[in-house]
Amino acid sequence: MTSNIANFDAVSLPVMKVYDFPTGPYPTRVRIALAEKGLQSRVEFVIVDLYKGEHKRPEFIAGKNYSGTLPVLELDDGTCIAECTAITEYLDALDGVPTLTGSTPREKGIVHMMSKRAELELLDAISVYFHHGTPGLGPTVETYQNPEWGFRQRDKALRGMRYFDAVLQGQPYVAGETFSMADITVIGGLIFAMLVELPVPEEYEALHAWYGRMLQRESVRNQPVFANP
Ligand SMILES: N[C@@H](CCC(=O)N[C@@H](CS(=O)(=O)O)C(=O)NCC(=O)O)C(=O)O
């Protein structure tokens, strides 16, 4: 995967900030997208400490992201873009040559659908389990927890793993024949599964094989979340 960023004069590219938590599954989605597009050098990472609740402070909510989550991309004009899918779509469009979000209307539709499905059926489900079925970010941040809901979402995530295993039995990547944002979202889900110690069942061999290939990509294996085994 080579970046087309060389088509731009380095001066013309915006200098961006990413409000980040380096080992977080969602922030890692954007970090992978930045690496795939060759944009890491154009970004200043600003660490926001989730365990101290810095993402829930009024000034962050008002000034960066109403939803109080990470990552947030701040452009050089002060515009803040939250939501991993939106951030990835922005980054992918920067050089006018989309390589992560689809190049044709059909591809764009399928990539977005499969990435959203990966959020709904896997990543977001594990995130809910983390916040409600485990101590999560700790009592000062997790002011409301519903363990039953958390465990139900854990079971949903396991069904999601089975679904993506079935998808990957028939095609090399989550959205079809090429690597895309949808793969990055499933990678985020499996990172979160690792962090909450929810193993991918051994019988999901296609999902395991795909993940093994993903971990060979430089944009993936070099992420901070994998630094301390
Ligand atoms: N829909 C959002 C979700 C982002 C999200 O939940 N991010 C986590 C970061 S991490 O769990 O991946 O590290 C967060 O801010 N969680 C803080 C909280 O939920 O209080 C997106 O796609 O960006």
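Along every chain, residues carry numbers that run from 1 in the direction the sequence is written. In keeping with the predicted nature of the model, local features appear solely for residues at pLDDT of at least 70, side-chain atom pairs appear and are counted solely at 80 or more, and the whole-chain, interface and lining totals rest on all residues. Hydrogens are left out, water is left out, and the side-chain values use all remaining heavy atoms of the structure.

A. Spotlight on the packing of aromatic side chains. Classification of ring pairs rests on two measures: the distance between centres of Phe, Tyr or Trp rings, Trp counted by its six-membered ring, which must be within 6.5 Å, and the angle between planes, read as stacked under 30 degrees, edge-to-face over 60 and tilted in between. Here the structure, examined in full by the defined rule, presents eight aromatic pairs. Ring centres 4.8 Å apart and planes at 75° place the aromatic pair Tyr163 and Phe164 in the edge-to-face group. Overall, the relative accessible area of 0% leaves Phe164 in the buried class. Cluster of aromatic residues (ring-pair linked, three or more members): Tyr26, Phe130 and Phe192. The residue whose ring lies beneath Arg217 is Phe179, and the NZ or CZ to ring-centre distance is 3.7 Å. Only protein chains enter the accessibility calculation, which uses a 1.4 Å probe. A residue is then buried if its area is under 20% of the maximum for its type, exposed if over 50%, and partly exposed in between. Only lysine NZ and arginine CZ atoms are considered, and such an atom sits over a ring when it is within 6 Å of the ring centre and within 35 degrees of the ring normal.

B. A look at the side chain of Glu119. Mapped onto the elements, Glu119 comes out in helix H4 (residues 105-133). Think of a polar contact as two N or O atoms within 3.5 Å of one another; within protein, one of them needs to be a possible hydrogen donor and the other a possible acceptor, and neighboring residues in sequence only count if both atoms come from side chains. A polar atom in the side chain of Glu119 sits 2.9 Å from the side chain of Arg29. What Glu119 contacts, discounting residues up to four positions off in sequence, is Arg29, Thr85, Asp124, Ala125 and Thr185. Helix and strand definitions follow DSSP, with helices as H or I runs of at least four residues and strands as E runs of at least two, each counted in order from the N terminus. Whether two residues are in contact is decided by their heavy atoms, any of which lying within 4.5 Å being enough.

So, to be careful, I would describe these as geometric facts and stop short of saying anything about function.
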